[in-house]
Amino acid sequence: MSAAIEVMRICVLVVDDEVLNRDLLRRVLKRDYDILEAEDASSAIAVLEQHGEIALVLCDQLMPGRCGTDLAGEVKSRWPGTRFVLLTGFDEDPQVRAAVGSGLVREVVAKPWRSDALRSRIAEIVRNP
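Keep in mind that this is a model prediction, so the values were computed, not measured.

S.K.: Help me out: how do you make sense of the overall build of the protein in this one?
M.R.: Counting its regular elements, the protein contains five helices and five strands. Starting at the N terminus and walking to the C terminus, you meet the elements of the protein as β-α-β-α-β-α-β-α-β-α. Projected onto its principal axes, the C-alpha positions of the protein cover 60 × 30 × 30 Å. Looking at the protein as a whole, 42% of its 129 residues qualify as buried. The long-range share in the protein, meaning contacts at least 24 apart out of those at least 6 apart in sequence, stands at 61%. Summed over all atoms, the accessible surface of the protein reaches about 7,200 Å², with 52% contributed by carbon and sulfur. Averaging the coordinates of the 17 positive side-chain charges in the protein and doing the same for the 21 negative ones gives two points 6 Å apart.

S.K.: Is there a simple way to think about the packing of helix H1 (residues 19–29) against helix H5 (residues 115–127) in this case?
M.R.: When two helices pack together, their arrangement is given by the angle between their axes and by how far apart the axes lie. Interaxial distance between H1 and H5 falls to 10 Å at its minimum, and their mutual angle equals 65°. In terms of orientation, H1 lies roughly perpendicular with respect to H5. Taken as a pair, H1 and H5 cross one another with a handedness that is right-handed. The segment H1 lies against H5, with Leu 25, Val 28 and Leu 29 engaging Ser 115, Leu 118, Arg 119 and Ile 122. Residue composition of the contact of H1 with H5, by class: five nonpolar, one polar and one charged.

S.K.: Just checking my understanding: could you explain the side chain of Glu 107 for this structure?
M.R.: Residue placement: Glu 107 occurs in strand S5 (residues 107–110). Polar contacts involving the side chain of Glu 107 include one to the side chain of Arg 121, which spans 2.4 Å. Those residues in contact with Glu 107 that lie beyond four places of it in its chain are Phe 84, Val 85, Leu 86, Arg 121 and Ile 125.

S.K.: Can you walk me through the state of the cysteines in this structure?
M.R.: One covalent bond between the sulfur atoms of two cysteine residues makes up a disulfide. In this structure the tally under the stated criterion is zero disulfides. Cys 59 takes part in no disulfide bond, and the closest cysteine sulfur to it belongs to Cys 67, at a distance of 8.4 Å. Owing to a relative accessible area of 16%, Cys 67 belongs among the buried residues under this scheme.

S.K.: So what exactly am I meant to see when it comes to the nonpolar core here?
M.R.: When a protein is soluble and globular, its nonpolar side chains tend to lie buried together. Residues Leu 13, Val 15, Ile 54, Cys 59, Leu 71 and Phe 84 are the most contacted members of the largest nonpolar core, which totals 23 residues. Elements represented by at least two residues in this core include exactly strand S1 (11–15), strand S2 (34–38), helix H2 (41–51), strand S3 (56–60), helix H3 (68–78), strand S4 (83–88) and helix H4 (94–101). By residue number, the principal contributor to this core is H2, which donates five residues. In contact with Val 15, not counting residues within four places along its chain, are Ala 38, Asp 40, Ala 41, Ala 44, Val 57, Leu 58, Cys 59, Asp 60, Met 63 and Leu 71.

S.K.: Would you mind showing me how to read the pairing of S3 here?
M.R.: Both faces of the sheet carry side chains from a regular strand, because those side chains alternate between them. With five of five residues buried, S3 is to be regarded as a mostly interior element. Of the two faces of S3, both are covered, the one formed by Leu 56, Leu 58 and Asp 60 as well as the one formed by Val 57 and Cys 59. With four bridges connecting them, S1 and S3 associate as parallel partners. Residue pairing across strands places Val 14 opposite Leu 58, the latter belonging to S3. Pairing of S3 with S4, which is carried by five bridges, proceeds in the parallel orientation. Paired with Leu 58 across the two strands is Val 85, which belongs to S4.

Conventions and cut-offs
- Residues numbered from 1 in each chain as written.
- Predicted model: local features only at pLDDT ≥ 70, side-chain atom pairs only at ≥ 80, totals over all residues.
- Heavy atoms only, no water.
- Helix = DSSP H or I, 4+ residues; strand = E, 2+ residues; numbered from the N terminus.
- Buried < 20%, exposed > 50% of the residue type's maximum accessible area, 1.4 Å probe, protein only.
- Contact = heavy atoms within 4.5 Å.
- Areas by Shrake-Rupley, 256 points an atom, 1.4 Å probe, with all protein chains shown as cover.
- Lys, Arg positive; Asp, Glu negative; His and termini not counted.
- Charge placed at Lys NZ, Arg CZ, Asp CG, Glu CD.
- Axes fitted to C-alpha atoms, helices over the stretch in contact; angles between N-to-C directions.
- Parallel < 35°, antiparallel > 145°, perpendicular 65-115°, else oblique.
- Left-handed = near helix turned anticlockwise from the far one by under 90°.
- Nonpolar A, V, L, I, M, F, W, Y, C, P; charged D, E, K, R; others polar.
- Polar contact = N/O pair within 3.5 Å; in protein donor to acceptor, adjacent residues only side chain to side chain.
- Disulfide = S-S within 2.5 Å.
- Core = buried A, V, L, I, M, F, W, Y, C linked by side-chain atoms within 4.5 Å.
- Pairing = 2+ DSSP bridges.

Structure, rendered in structure tokens:
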């Protein structure tokens, strides 16, 4: 008799107000990670409250309501073990640079990103907390 072994997969929360972006990120990452999705900061907080600490939040910076760096601050204070990666076309923005400098954001991935490079960066980030 052989016992089934359950393998825990790393969970990534993708936060972006654009459905097409969430869909593309899910398709790029789903082979290696369990993917949860949220369309804004409020929905992301609800997902985190339901699931607890998630390994990584991959978040767009510019969204209606709260921006990604604002969400990063709340995630850092409530779920300190969750790593936060920001996707943005404005990586030189002072707010983004301040979030990286203060440790709220682990890394910034510039848009447009390449699938293979993104997968590689995510893999390295989840391996090296």
